[in-house]
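Reading the structure
Chain by chain, the residues run as shown.
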Amino acid sequence: MPLDKRDHTKLLCDIGELSGLFEDALSLDGFLQRIVAMIAEHLHCPVCSIYLYYDESQELVLTATKGLNPDSIGRVRMKLGEGLTGLSLKEMRPICERQASRNPNFKAFPGIGEEQYESFLVAPIVRGQTRIGAIVVQNSQKNYFTEEDVKVFRAVTSQLANTIETTKLLMSLNEKAQAATPKPALKELKFVKGRPASEGFAFAEALVLGGEHLFAVANREKINDPCTLEDFRRAVAATEQELEQLQQQIEERLSDVASLIFSAQLLMLKDKSFMDAIENMIRAGVNPPLAILKAVEDYVRMFQKISDSYLREKSQDVRDIGRRLLENLLGKEEAQYDLEDKIIVAEELVPSDALKLSSQKVKGIILLSGGVTSHLSILAKSLSLPLVIADAPELLALKPRTMVLMDAEQGTIYIEPGADIVKNFHEREDLRARLEKLKKEMTPVTSTMDGTRVTLLANINLLGDLKAAREFHAEGVGLYRTEFPFLVRSDFPTEEEQYVIYRKLIEGIPGKEVTFRTLDIGGDKVLSYFHHTKEENPFLGMRSIRFSLKYKDIFAAQLRAILRAGHKADLKIMFPMISSLDEFLEARSVVKQCRDELQAEGIAHHANPAVGMMVELPAVLEIIDELAQEADFFSIGTNDFIQYMLAVDRTNEKVADLYLPHHPAVLRALKKIVEAADRHHREVSVCGGMGDDDRYTAYLLGIGIRRFSIDPKNLPRVQKTISSIDLSQARRLVADILKRCRLPDISKALGSDARDQTGLNPPYR
Ligand code: PEP
Ligand code: MG
């Protein structure tokens, strides 16, 4: 081919416009394929190949080729310095050979079909000192390439460097995302049975929340559009504004926990090293979108090196900020990755994600791990966010826009449901609306059918729960989980901050008793700012009252805030996870000490609150009388009690079938606790999920429970159930059950007598 037929100018122009081809390319590999085809055509070469270079392995990998055996893509690899291509990249210079096989550095790869192509030209793809890869052209005509060709080829390669680097980055992100979440085939998946964790229904498009989705929003065809430093700064300002708005929205709804929910992301925007890293790259000539992608990748990699849940959470924040910046820089490709109105499918979430997702107005969550009594579920209930937990990894393969119907009453998930199922869903929604009306019929006082008085109290996780508690006539707060405001902050809240929240709680339910449970962190409630080292068995670790007794200053600040807020209120304080009399006495002595200090300081406070304990550990059973002599009251936390009694992790979906409230050991133990409380004239209540579950109401009444502290939304239903139970019958039921030891027999005895009368199942199983 005469040299003048090679149209170098045209090649340079086409390459300049190549980034526009992103649009047509079906995939990233497809895009690279287009590049090699175009170069091969313009240089009239039968062979053109792109090799990408990977720093970690110091290897060049054949990624696209025109002319060589396509099977060799991904297989042909060489080290930096190896072969002519490796040498070219190592020394960062083009190499042109008239007869490649004669060069001692030439490395033959049998089977790739390059034997007849002796003319060889390779140019490295580099940006500054960064090695990206190499492009090779080959021709069977000896002595084919001219000096002019080498120059042009070099220019073409440097023009392409940016685009190819972006492609490489996106490819590696996609690979990582795929490797991180093995996605089983989604053949004909129509229905998945999971467990209901937070009641409600949703019928909406599904969105799988994985690492890759954050980058998928980046408008790929625009990723090489030249942007300026000013464009980037505008995107930063827009992102900041967006986050502040989100923050404000959530603050209006959830004043107690919202304070810092988006702070990590806002902080990233203010983080000098992160921002400088991006700006420096931009100044060095990197296009801003690519600079963002690279900086985010570097940070994520840095965070992921440290295996700790806090940092895992941080890398999500960094990715999220990257997504927002890219969206604001390039515009949203499509609304499909917006979270609003979507059903989110995720492998793993932390409790604060429930707040974030709720503030982003998702319709529901399908979670592949976790347990229905986990604290993420507890928070989802408070946020009225339907949640189903399903051990079904195939759901990760759901394509965007797939319509999903989730029934978080039953725990069922329908994929692209038929019209009949959707109709049934709407009918059930109508039923719910009717039930809403029924709830209004609740009476302020609860009694059994035979007129025995029962006290219904509310469990409060977020201040937002108070509304339902008031509306449904809760007679007080039987459990305020104080840890939630701690969970979503970036540092321990001060005594003053806690005081403000606690005061709002007390004022939110005026004149009624309020039981504060002191900080119960650890287990699945990890403080991002404190739990930097991962514990092997967090549920058996430094958690709950153990934490408070170890860090007495934190404990004392909380107790002071509680005592101050409880001034003139009907105040009760209880300690979680008490395992010994000594622990209880030590915790109580801190209450006394705080009271004395407040007294001495002349600060208004409650001088004599009832001080009780949660019964959550089987160890307590053997020392229950001694504890009853000291504690003013017991509150049975069945969620943990069952977990520890049966050694079944309450957050592990894989053993969920073994988490059995009706296990005879559990039922008999509950009776012993109530008897001990009675012997010592102490109040005893149930504040774990068993109290919300109608199947156990008769049993609990039969053993003498007269105080239930439950999710406020369940108050109407549980009241109705209680009013349908006759106490003498309930006692007979207890006698019958205590004779049984086999689980099916016990299930049968609990049977339909205690069933929910409303037609809706309780959210807790
Ligand atoms: C319990 O363990 O039953 C309980 C009420 O506490 P939590 O669910 O917060 O652990
Ligand atoms: Mg507990």
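Please read these numbers as outputs of a predicted model, since none were measured by experiment. (Residues numbered from 1 in each chain as written. Chains lettered and ligands numbered in written order. Predicted model: local features only at pLDDT ≥ 70, side-chain atom pairs only at ≥ 80, totals over all residues. Heavy atoms only, no water.)

Remarks on the overall build of the protein chain
Scanning the protein chain for helices and strands turns up 26 helices and 23 strands. Out of the 765 residues in the protein chain, the part that is buried amounts to 58%. Long-range contacts, defined here as pairs at least 24 residues apart, represent 69% of the contacts in the protein chain between residues at least 6 apart. Looking at the protein chain as shown, the accessible area adds up to about 31300 Å², and 50% of this sits on carbon and sulfur atoms. (Helix = DSSP H or I, 4+ residues; strand = E, 2+ residues; numbered from the N terminus. Buried < 20%, exposed > 50% of the residue type's maximum accessible area, 1.4 Å probe, protein only. Contact = heavy atoms within 4.5 Å. Areas by Shrake-Rupley, 256 points an atom, 1.4 Å probe, with all protein chains shown as cover.)

What about the coordination of the magnesium ion (ligand 2)?
Donor atoms from the polypeptide that bind the magnesium ion (ligand 2) are E616 (OE) and D640 (OD), placed at 2.0 Å. In this pair, E616 is assigned in the loop between β20 (610-615) and α20 (624-630) and D640 in helix α21 (residues 638-646), connecting sequence segments 24 residues apart. The class of E616 is buried, set by a relative accessible area of 2%. (Donors = N, O, S within 2.8 Å, 3.2 Å for Na, K, Ca; no water.)

Some details on the site of ligand 1
Taken together, 16 residues sit near ligand 1, with R481, R517, E616, N639 and R650 positioned nearest. Contacts to ligand 1 include T638, whose backbone N or O atom sits 3.1 Å from an oxygen atom. Here D640 contributes a backbone N or O atom positioned 3.0 Å from an oxygen atom of ligand 1. Across the complex, the protein chains shield 100% of the 280 Å² of accessible surface that ligand 1 would expose by itself. Put simply, the parts of the chain that give the shell around ligand 1 at least two residues each are α12 (375-382), β17 (476-481) and α21. Top element by residues in the shell around ligand 1 is α21. It accounts for three residues. A per-class count over the shell around ligand 1 returns four nonpolar, five polar and seven charged. (Near = heavy atom within 4 Å. Polar contact = N/O pair within 3.5 Å; in protein donor to acceptor, adjacent residues only side chain to side chain. Nonpolar A, V, L, I, M, F, W, Y, C, P; charged D, E, K, R; others polar.)

Focus on empty space enclosed by the protein
The tally for this structure, following the rule as stated, stands at five cavities of 30 Å³ or more. Put simply, the second largest cavity is a space of about 110 Å³. Around the second largest cavity, the lining comprises 15 residues; the ones closest to its centre are Y51, T85, K107, E114 and F120. Among the elements of the structure, β1 (47-54), α3 (83-91) and β6 (130-139) are those that each provide at least two residues to the lining of the second largest cavity. Broken down by element, the lining of the second largest cavity gets its largest block of residues, three residues, from α3. Partitioning the lining of the second largest cavity into residue classes produces nine nonpolar, four polar and two charged. (1 Å grid on protein atoms, 1.4 Å probe; cavity = no way out; pocket = protein on both sides within 12 Å on 5 of 7 lines; lining within 4 Å. Points joined across faces, edges and corners; volume = space filled by probe spheres on them.)

Topic: the sheet that holds strand β9 (residues 201-208)
Taken in spatial order, the eight strands make up an open sheet running β7-β14-β13-β9-β10-β11-β12-β8, and their pairing is mixed. Each edge of the open sheet carries a strand with a single partner, namely β7 (191-193) and β8 (195-198). Strand-to-strand twist of the sheet, defined as the mean angle between neighbouring strand axes without regard to direction, takes the value 30°. Relative to strand β14 (residues 412-415), strand β13 (residues 403-407) runs antiparallel, the two sharing four bridges. Counted as the bridge partner of M406 is I413 from β14. (Pairing = 2+ DSSP bridges. Axes fitted to C-alpha atoms, helices over the stretch in contact; angles between N-to-C directions.)

Some points on the pairing of strand β18 (residues 513-517)
Counting buried positions along β18 gives five out of five residues, so the element sits mostly inside the fold. Covered by surrounding structure in β18 are E513, T515 and R517 together with V514 and F516, the residues of both alternating faces. Looking at chain direction, β17 and β18 are connected through four bridges and run parallel. Across the sheet, residue Y480 finds its bridge partner in β18, namely F516.

Considerations on the packing of helix α23 (residues 694-702) against helix α25 (residues 727-738)
Packed helix pairs are characterised by how far apart their axes lie and by the angle those axes make with each other. Between α23 and α25, whose axes approach to 7 Å, the crossing angle comes to 95°. If you check the angle between α23 and α25, you find them roughly perpendicular. Note on element contacts: α25 touches α23 through L727, A730, R731, L733, V734, I737 and L738, opposite A698, Y699, L701 and G702. Among the residues making up the contact of α23 with α25, the classes are represented as nine nonpolar, one polar and one charged. (Parallel < 35°, antiparallel > 145°, perpendicular 65-115°, else oblique.)

Regarding the confidence of the model for the protein chain
Summary statistics for the protein chain give a mean pLDDT of 84 and a share of 84% for residues scoring 70 or more. Counted against residues more than four places away or in other chains, residues 211-219, with its pLDDT under 50, gives 29 contacts. Below pLDDT 50 for its whole length, residues 752-765 participates in 41 contacts with residues either more than four positions away or in separate chains. (pLDDT = per-residue confidence, 0-100.)

Side note on the pattern of salt bridges
Evaluated as defined, the whole model comprises 40 salt bridges. Among the salt bridges present, the one from E483 reaches R517, with a minimum N-O distance of 2.5 Å. Separated by 34 residues along the polypeptide, E483 in helix α15 (residues 483-487) and R517 in strand β18 bring together distant segments of the chain. The pair E483 / R517 is uniform in exposure class, with both members buried. With a shortest N-O distance of 3.2 Å, R564 and E496 are connected by a salt bridge. Here R564, found in helix α18 (residues 552-565), pairs with E496, found in helix α16 (residues 495-508); they are 68 residues apart in sequence, far enough to count as distant. (Salt bridge = Lys/Arg side-chain N within 4 Å of Asp/Glu carboxyl O.)

Overview of the environment of I460
Tracing the backbone shows I460 in strand β16 (residues 453-460). Owing to a relative accessible area of 0%, I460 belongs among the buried residues under this scheme. The sequence separation of I460 and T515 amounts to 55 residues, and the corresponding C-alpha distance is 9.8 Å. Residues in contact with I460, not counting those within four places in the same chain, are D465, L466, A469, V477, L479, Y480, R481 and L505.

Details of the packing of aromatic side chains
How two aromatic rings sit relative to each other is given by the distance of their centres and the angle of their planes. Applying the stated criterion to the full structure yields 12 aromatic pairs. An angle of 70° between the planes, with centres 6.3 Å apart, marks the rings of F486 and F492 as edge-to-face. Judged by relative accessible area, F486 falls into the buried class, the value being 1%. On the basis of an interplanar angle of 70° and a centroid distance of 5.1 Å, the ring pair of Y502 and F516 is categorised as edge-to-face. With Y502 in helix α16 and F516 in strand β18, this pair connects stretches of sequence that are 14 residues apart. (Phe/Tyr/Trp six-rings, centres within 6.5 Å; stacked < 30°, edge-to-face > 60°.)

Remarks on the environment of R98
Along the chain, the position of R98 falls in the loop between β4 (95-97) and β5 (119-127). Linking R98 and Q138, residues 40 residues apart in sequence, is a C-alpha distance of 10.0 Å. Each residue touching R98, except ones within four places of it in the same chain, is listed here: E118, S119, K142 and N143.

Thoughts on the sheet that holds strand β3 (residues 77-79)
Sheet strands pair via backbone hydrogen bonds, and the direction of the pair is either parallel or antiparallel. Strand order across the open sheet formed by six strands is β3-β2-β1-β6-β5-β4, with antiparallel pairing between neighbours. Pairing within the sheet leaves two strands with one partner each, and these edge strands are β3 and β4. Across this sheet, the average inter-strand angle for adjacent strands is 20°, counted without regard to direction. Pairing between β1 and β6: six bridges, direction antiparallel. Pairing of L52 across the sheet is with G133, part of β6.

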